[in-house]
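Summary of the model geometry
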Amino acid sequence: MGRGAPVVTVRRVLRAVPLPLVLVAMIGLAGVVLGRVYAGDLLIRLVVGAAVGSVLVSVAARRLRSWLVAPLSVLALAGYTAVALRVAAQRAELPGGLGRIVVDAAGNGVARLLTAMIPVEPSPDTVLVPLVAAWLAGLAGAEVALRAGRALLGYLPPTLLFVGAVYVVGPNAGPALWPTLAFAALAALGLAVTGGTTPAQTDDDLPAGTRAALRTTRTVTTAAGLAVVVGLVALLAPVVAGQVDDRPVDPRRYVEPPQVETLDENPLIRISGWALHPERKLLDVSVDGAAPAASATAAGPAPDAGPPGSDSGSGPDSGSGGEVRLRLAVLSDYDGVTWRVGATYRNAGRVLPAVEPAAGSRLDTVRQEITVADLSGRLLPAVATPREVGGARVAYDPTTGTLIRPEGLTPGLRYTVTSVRERPDLNLLATADVPAGGEVARVLRVADGVPDPMRRLAAQLAEENGAPYARAAAIEQFLAEHYRVVADAPSGHAYPNLNFFLFGPRNAGGQRGTSEQFAAAFAVLGRLTGLPTRVVVGFSTPGSGPVRAADAFAWPEVFFDGLGWVAFDPLPRPDDEPRPVEEDFRPTPEDPPPSEAPEPTVEPSVTPPAVAAPPRRESTGTPVAVLVGGGSGALLLLVAAVLAALAAARRTLTRRRLDRGDPAQRIAGAWREVTDALRLAGQPVGGDLSATEVAVHAHRLVGRWDGATPSGPGTGAATYEPEAGAATFEPRTGAAVSAPAAGAVDPGPGGGTTVVTAASPVEELAALVNRVTFAPDGADDGEATHAGRIATDYVRELRAAQPRWRRVLWSVHPGPLRWRR
C-alpha cells in the first residue's frame, strides 16, 4: 500500500499535464490562423501568452472554490492586457499614455480589426480583441475540462475561437490546412490521454454477470456512435466538398470602413473658396528627396505640369524647378452634378502596401514632414504614392493612393510621410493605348444629361485626333488656348456650369473659371472621347515652407496602358490671351456624332443566404449548470453594457456634430441630425431629393412648429439670400446654379426680387445647408448655433410623436453610428 500510493499519484499527475498543454496548443493554433493576415509574429506571441496565462491560472486555482477562479483570472487578464498593449504601442510607435491607449483600443477594437488594411499592423486596437478572446477561451476550456472533467466539452471554447479566426481571415489568406490538421490531432491526443480507466477499478473486479452486461452495453453504444458518425459524414461530406473551391465570405464587407466628411467628399468645391483667400496658410511642409523635374517632351503639352504659371513637368506630382505636388483627394465618380471621392479607406499601420510601378518608369523616394495649420476635414495631403506614415493614425485607399485621418485634422498635427514618386517614360505616350471594359467602367462613365454643345465639341476633337494621347493633348490645348483663369469665378462643375464655362458669352462671365472648371471640363470631354479620366485636388509646394490657399488647384489625369495615371495641365499660361471659342468650334456638326457604346453594367453581388448554426448538445451535471447560469448573467451584463455604450456613443456623436468644427461643419452636422431622425422615425428620404425637398417632407411629418409663421415681408419668417457669386442648388432639379452678383437683382414673378424663404425652421436649416455646401466660409458661429438649436428642437418634437416602442429604442439605435453620409 505504501509503495502503490506514490505510483498512483505520479500517474495522475502525468495524466493531468497533457490536457492543459493541449488546450494551450489549440488556442495557439487559432492565433497562428489569425496571424496570417497580420504583419510580423507579434499577434501570435501575444495569443500564445494569453493561452498560457489563462490555463495556468485555472490549473493553479483548482483547489479553490469555483466562483473564485473567474475574478482571479479577470485580474490576471487585466495585467496581461496592459503589458501586451504597451508592447504593441511601442512596436507601432504610438504616442500617448497607457490609459488613453487602452480606452481607444477598447472603444474601437472590433471596428478597426474588421476595417484594417491587410497585412494588419499589430497595434493596440487590432490585438485587443484576439487577446481577450484567447484568454476567455482558455479560462472556459480549462474550467470545463479540468474542474468539471468534461474534456470533450472543454474543447468547445478553443474550437469556437479557431473557427472565428478562420472566418475573420476569410479570403485574405490561403487555406489553413496544416493548422486545422494539427488542431484535430491535438484534440484526439487529449481525449486519448484522458480516456483510460484507473487501475483501482477494472472489469476483472466485477462479477461475471455485471461484466457481461457492461461489455454488451459498450458494444451497443460504440456501434450506435459509429453509425451516427458515418451517417453524418455521408450527409455532410458532399456539402463540405462543394464548398472547397468556393471563395470564403469576407466579414469586412459587412462593416463600413472609415468615411470622409461631407466637406471632403467633394473637395473640388473648396477651390474657389481658397482662391478668394490666397494668403491663408493651410500647411507647413518640409520635403527631402524631391529631385528637379526633367524637361518635357516636344510632342505637345507635357503631362503633369505644375500649377498656374509653372512650366511642364514630366511625371506624377512633380512641377518645374523641383516643385512637388501634395495630393489631397482623387475624384473618380461623376453624376452630372458633383465629382466625388468614392474611395474605400481601410485603417492602416505605419507601412502601407506597395503598388507595382509601371514598367520603365523612374522611382524617386520623397520624404515629407507636414504640419497642419488651417486645413480642415479628414483628408491627409501627401506626395503620391505614400509607403510609410508616422505621427498619425491613418486610413488608406490603395486604388487612389490617398490618406485620411479618421479623427479629423487639427491645427498643430505633425506627421511624416515617405512616398515613392513614379515618373513614367513620356516617350511612350504617343503610342500608348487606353484600356476599356469593366475594370475602367467607373472612370469612363458619362452621366445622362450632357449638353449637346459639349458632345459636339468632344466629337470634333476626337475626329481630328485618333490616338488616345493625341485626343488628350487636343483637349488640353483647346482649354488652354480659349479660356481664362480667374480667382473670383463661382464654384460649380455640374453640366450647366461646365456648359456656361465652355460656351457662355464672355461679357456675361462665361469662358472663365478656376482650376475647378478646367479640370472638370477636361475630365468630362475626355470621357466623351473614350478616355478614362479622373480629377485630382492638391497643392503645389517648392519643397519646403508654408503652403497657402493660393497653392491649391485641381488637375485631370488620364489612364494609359503600361503607364498608369498621367496628369495633364489644361490651364493657360499667365501671359497668353485666350482666343474666341467660335474660331475653332463648329456650331453645327458636319457629320452625325458616333453612337455611344452602352454603359457597362455591373451586376449587384448577391448576399449569400444565412446558414443555420448546428444545434448545440446540452449536457447535464452541476458544473455545466453553473457555467450556463454564469454565462446568462454575463450575457445580461454584456447587453446592458452594449446599450449603455450605444447611448453614450449617440450622445457623443450629437455633441460632436453640433459643437465641434467650424460653422460649416456644425451646420452640416445639424442637418445629419435631422436626416438621421427621419430614418429613426421610419421615414427615410431618398438620396435624389434636394435639401429643400427633404425639409418640406420633414416639416409635414411634424405637422406644426411653435412660433412658425407664414413667409413674407414683415411676418417674422426666416429668409435666406445667397451671397453674391456663391453657388446654390435649384430645389426641383438639384443642379448647381450661381447666385446673382453683388448689387444685382434677380427678377422674380411680377418683377420683384427672388429670395429663398424658409416657411419653417427646418426649411431654414436646409437653406443654411445649401449655402455652406458651396460657400463653406460663408457661415458664422451664430448661424451654426441657431442650426443646432433647430435640429435639437425638431428631433425632440419628432421623437415625441412616435409610438412608445420607437421612443424607447430611439437613444440606443445604432443606425446613426454606421449610416453612410
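Rules and cut-offs
- Residues numbered from 1 in each chain as written.
- Predicted model: local features only at pLDDT ≥ 70, side-chain atom pairs only at ≥ 80, totals over all residues.
- Heavy atoms only, no water.
- Helix = DSSP H or I, 4+ residues; strand = E, 2+ residues; numbered from the N terminus.
- Buried < 20%, exposed > 50% of the residue type's maximum accessible area, 1.4 Å probe, protein only.
- Contact = heavy atoms within 4.5 Å.
- Areas by Shrake-Rupley, 256 points an atom, 1.4 Å probe, with all protein chains shown as cover.
- Core = buried A, V, L, I, M, F, W, Y, C linked by side-chain atoms within 4.5 Å.
- Polar contact = N/O pair within 3.5 Å; in protein donor to acceptor, adjacent residues only side chain to side chain.
- Pairing = 2+ DSSP bridges.
- Salt bridge = Lys/Arg side-chain N within 4 Å of Asp/Glu carboxyl O.
- Patch = residues over 30% accessible without salt bridge, like charges linked within 9 Å, V, L, I, M, F, W, Y side chains within 5 Å.
- Lys, Arg positive; Asp, Glu negative; His and termini not counted.
- Charge placed at Lys NZ, Arg CZ, Asp CG, Glu CD.
- Axes fitted to C-alpha atoms, helices over the stretch in contact; angles between N-to-C directions.
- Expected span 1.5 Å × (residues − 1).
- Parallel < 35°, antiparallel > 145°, perpendicular 65-115°, else oblique.
- Nonpolar A, V, L, I, M, F, W, Y, C, P; charged D, E, K, R; others polar.
- Phe/Tyr/Trp six-rings, centres within 6.5 Å; stacked < 30°, edge-to-face > 60°.

Attention now moves to the overall build of the chain. A tally of regular secondary structure across the chain gives 23 helices and 21 strands. Buried positions account for 43% of the 821 residues belonging to the chain. Of the contacts made within the chain by residues no fewer than 6 positions apart, 77% connect residues no fewer than 24 positions apart. Of the accessible surface of the chain, which amounts to about 40400 Å², a share of 60% is contributed by carbon and sulfur atoms.

The subject of this paragraph is the nonpolar core. With 86 residues, the main nonpolar core has Trp274, Leu283, Trp339, Leu375, Phe539 and Phe560 as its most contacted residues. Top contributing element to this core by residue count: helix 16 (residues 515–528), with eight residues. Setting aside chain neighbours within four positions, we find Trp274 in contact with Arg280, Leu282, Leu328, Leu375, Phe539, Ala549 and Ala552. Ala105, Ala134, Ala145 and Leu161 belong to the second-largest nonpolar core, a separate cluster that totals 49 residues.

The topology assignment puts Gln368 in strand 6 (residues 362–372). Along the sequence, Gln368 and Thr418 sit 50 residues apart, while their C-alpha atoms lie 6.4 Å from each other. Here Val366 takes part through its backbone oxygen, which lies 3.0 Å from a polar atom of the side chain of Gln368.

Taken together, the four strands give an open sheet; going across it, the order is 5-9-10-7, and neighbouring strands pair in antiparallel fashion. Each end of this open sheet is capped by a strand with a single partner; those strands are strand 5 (346–348) and strand 7 (379–380). One ladder, built from three bridges, connects strand 5 with strand 9 (residues 394–397); its direction is antiparallel. The partner of Arg346 across the bridge, within strand 9, is Tyr396.

Moving on, we get to the pattern of salt bridges. Where side chains of opposite charge bring their charged atoms close, a pairing between them can arise. Tallied over the entire structure, the rule returns 29 salt bridges. Notably, a salt bridge pairs Glu407 with Arg112, separated by 3.3 Å at the nearest N-O pair. Here Arg112 lies in helix 5 (residues 98–115) and Glu407 lies in the loop between strand 10 (402–404) and strand 11 (414–423), a separation of 295 residues in the sequence. For Arg112, a relative accessible area of 9% puts it in the buried group. Between Glu557 and Arg327 there is a salt bridge whose closest N-O contact spans 2.9 Å. Taken as a pair, Glu557 in strand 16 (residues 552–560) and Arg327 in strand 2 (residues 324–331) lie far apart in primary sequence, 230 residues in all. For the residue pair Glu557 and Arg327, the accessibility class agrees, reading buried in each case. Because the salt bridges share partners, they merge into one network encompassing Asp104, Arg112, Asp125, Arg393 and Glu407.

Residues Arg651, Arg655, Arg656 and Arg660 make up a contiguous surface patch of positive charge. Within the secondary structure, Arg660 sits in the loop between helix 17 (622–659) and helix 18 (663–680).

On to the sheet that holds strand 14 (residues 533–541). What the four strands build is an open sheet, ordered 2-14-16-17; its pairing is antiparallel. Every interior strand has two partners, whereas the edge strands, strand 2 and strand 17 (564–567), have only one. Averaged over all pairs of adjacent strands, the angle between strand axes in this sheet comes to 40°, irrespective of strand direction. In the sheet, strand 14 pairs with strand 16 via seven bridges, with the strands oriented antiparallel. Paired with Val536 across the two strands is Trp555, which belongs to strand 16. Sitting on the sheet, helix 16 is in contact with strand 14 and strand 16, with an inclination near 15° to strand 16.

This part is about helix 13 (residues 452–464). With 13 residues, helix 13 extends 19 Å between its outermost C-alpha atoms, agreeing within 8% with the 18 Å of an ideal straight helix rising 1.5 Å per residue. Looking at the buried residues of helix 13, the elements they touch are helix 14 (468–482), helix 15 (495–503) and helix 16.

Looking now at helix 20 (residues 761–774). Here helix 20 spans 21 Å end to end across 14 residues, near enough to the 20 Å set by a 1.5 Å rise per residue. The buried count for helix 20 comes to 12 of 14 residues, which makes it a mostly enclosed element.

Turning our eyes to something else, we now look at the packing of helix 5 against helix 6 (residues 124–147). Packed helices, taken two at a time, are described by their axes: the angle between them and the distance between them. Two elements in contact, helix 5 and helix 6, have axes whose closest approach is 7 Å; the angle formed by their N-to-C orientations is 80°. In terms of axis orientation, helix 5 runs roughly perpendicular to helix 6. When helix 5 is examined against helix 6, the residues Ile101, Asp104, Ala105, Ala106, Gly109, Val110, Arg112 and Leu113 are found in contact with a partner set consisting of Pro124, Asp125, Thr126, Leu128, Val129 and Pro130. Residue classes in the contact of helix 5 with helix 6 are distributed as nine nonpolar, two polar and three charged.

Evaluation of the coordinates by the stated rule reveals 13 aromatic pairs. With centroids separated by 5.9 Å and ring planes inclined at 35°, the aromatic side chains of Tyr80 and Trp135 adopt a geometry described as tilted. A residue pair is termed long-range when its members are at least 10 positions apart, and Tyr80 in helix 4 (residues 66–92) and Trp135 in helix 6 qualify at 55 residues. In this structure Tyr80 comes out as partly exposed when scored by relative accessible area, which is 22%. Taking the relative accessible area as the measure of exposure, Trp135 reaches 3% and is therefore buried. Ring centres of Phe560 and Phe568 lie 6.4 Å apart, and the angle between their planes is 40°; on these two criteria the pair is classed as tilted.

The residue after Ile118, namely Pro119, is reached through a cis peptide bond having omega 5°. Position of Pro119 among the secondary structure elements: in the loop between helix 5 and helix 6. Going from Ala384 to Thr385, the amide bond is cis rather than trans, its omega being 0°. Of note, Gln511 is a non-glycine position whose phi angle comes to about 60°, a positive value.

Turning next to the environment of His277. Counting through the fold element by element, His277 comes out in the loop between helix 12 (270–276) and strand 1 (281–288). Along the sequence, His277 and Ala550 sit 273 residues apart, while their C-alpha atoms lie 7.4 Å from each other. With near-sequence residues (within four places) excluded, His277 lies in contact with Ala549 and Asp777.

The next point concerns the pairing of strand 17. Bridge analysis of strand 16 against strand 17 gives four bridges, and the strand direction is antiparallel. Across the sheet, residue Phe559 finds its bridge partner in strand 17, namely Trp565. Where strand 16 hands over to strand 17, the hairpin turn is made up of three residues, of which Gly562 adopts a positive phi near 80°.

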